[in-house]
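# Inside the fold
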Amino acid sequence: MEQDKNKTLHMREAIRLSVQNVESGKGGPFGCVVVKGGKIIARGANEVTLTNDPTAHAEVVAIRKACKELGSFQLDDCEIYCSCEPCPMCLGAIYWARPKAIFYANTKTDAAAIDFDDAFIYAEIERPIGERKLFTQQMMREEALVAFEKWKVSPLKTDY
């Protein structure tokens, strides 16, 4: 029961951040918190228009702050609370950060209803590269593979 109460409090904080962001005019209606050991270690709100950074979604902002706080590029044993179901970019970032759980409030359908529609990105990911709307062309693979070959044998690498 106590754990459910804490989850509710964490989600309320993510939602509070989303509402505050709209009321302040700083960005879109999205908030996120990262929790470790039952304690919020980082907060994020959408900063896309504030910073002119299309990657500054609430989840990415919170992940960056949490990783800095932990001194790690992974969010081991952390939970992420999002005011809305993560978009494809944020979902990818969350998977790369490797938390133990994601919780969300609004759905991607709710977001689409207010013109935050990521359905086209999900559809584009499924298309063959040559059929995507954004022109995409592979080039210079053999030259680029040099870095991958060096990575495979590098004693300096940190696996992740």
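Structure: above.
The present account deals with the structure reproduced in this document. Since this is a predicted model, take the numbers as computed values, not measurements. (Residues numbered from 1 in each chain as written. Predicted model: local features only at pLDDT ≥ 70, side-chain atom pairs only at ≥ 80, totals over all residues. Heavy atoms only, no water.)

### Describing the sheet that holds strand β4 (residues 101-106)
The strand order β2-β1-β3-β4 describes an open sheet built from 4 strands, whose pairing is mixed. In the strand order of this sheet, the two ends are held by β2 (39-45) and β4, each with one partner. Going from strand to strand, the sheet's axes swing by 15° on average, the running direction of each strand aside. Together, β1 (31-36), β2 and β3 (78-84) form the strand contacts of helix α3 (residues 58-70), whose direction differs from that of β2 by roughly 140°. (Pairing = 2+ DSSP bridges. Helix = DSSP H or I, 4+ residues; strand = E, 2+ residues; numbered from the N terminus. Axes fitted to C-alpha atoms, helices over the stretch in contact; angles between N-to-C directions. Contact = heavy atoms within 4.5 Å.)

### Looking at the packing of aromatic side chains
Going through the model one piece at a time under the given rule, you end up with 4 aromatic pairs. Taken together, F73, W96 and Y160 form an aromatic cluster joined through their ring pairs. Residue placement shows K108 over the ring face of Y122; its charged tip is 4.3 Å from the ring centre. (Phe/Tyr/Trp six-rings, centres within 6.5 Å; stacked < 30°, edge-to-face > 60°. Lys NZ or Arg CZ within 6 Å of the ring centre and 35° of its normal.)

### As for α3
Counted at 1.5 Å a residue, the expected span for α3 with its 13 residues is 18 Å, and the 18 Å between its end C-alpha atoms agrees. Taken together, the buried positions of α3 are A58, E59, V60, V61, A62, I63, A66 and C67. On its buried face, α3 sits against β1, β2, β3 and α4 (88-97). Immediately downstream of α3, the backbone of G71 shows phi near 65°, a positive value. (Expected span 1.5 Å × (residues − 1). Buried < 20%, exposed > 50% of the residue type's maximum accessible area, 1.4 Å probe, protein only.)

### A look at the packing of α3 against α4
Packed helices, taken two at a time, are described by the angle between their axes plus the distance between the axes. Across the interface, α3 lies against α4 with an axial gap of 9 Å and an inter-helix angle of 25°. Taken as axis vectors, α3 and α4 run roughly parallel relative to one another. Crossing handedness for the pair α3 and α4: left-handed. On α4, the residues that touch E59, V60 and I63 of α3 are M89, C90, A93, I94 and A97. When its residues are assigned to classes, the contact of α3 with α4 shows 7 nonpolar, no polar and 1 charged. (Parallel < 35°, antiparallel > 145°, perpendicular 65-115°, else oblique. Left-handed = near helix turned anticlockwise from the far one by under 90°. Nonpolar A, V, L, I, M, F, W, Y, C, P; charged D, E, K, R; others polar.)

### Observations concerning the pairing of β3
Within β3, 7 of the 7 residues are buried, which leaves it mostly tucked inside the rest of the structure. Bridge analysis of β1 against β3 gives 5 bridges, and the strand direction is antiparallel. Note that in β3 the partner of K36 across the bridge is C78. Sheet analysis places β3 next to β4, joined by 5 bridges and oriented parallel. In the strand pairing of β4, E79 is matched with A101. Read from β3 through α4 to β4, the crossover connection turns out right-handed. (Right-handed = clockwise from strand over helix to strand, strands pointing away.)

### Considerations on the nonpolar core
It is characteristic of soluble globular proteins that their nonpolar side chains tend to be buried jointly. C32, V34, I63, L75 and I80 are the most contacted members of the largest nonpolar core, which has 17 residues in total. Those elements that provide at least two residues to this core are β1, α3, β3 and α4. Once residues within four sequence positions are removed from consideration, I63 is found in contact with V34, L75, I80, A93, I94 and A97. Membership of the second largest hydrophobic core comes to 7 residues, among which are M11, L17, V33 and I40. (Core = buried A, V, L, I, M, F, W, Y, C linked by side-chain atoms within 4.5 Å.)

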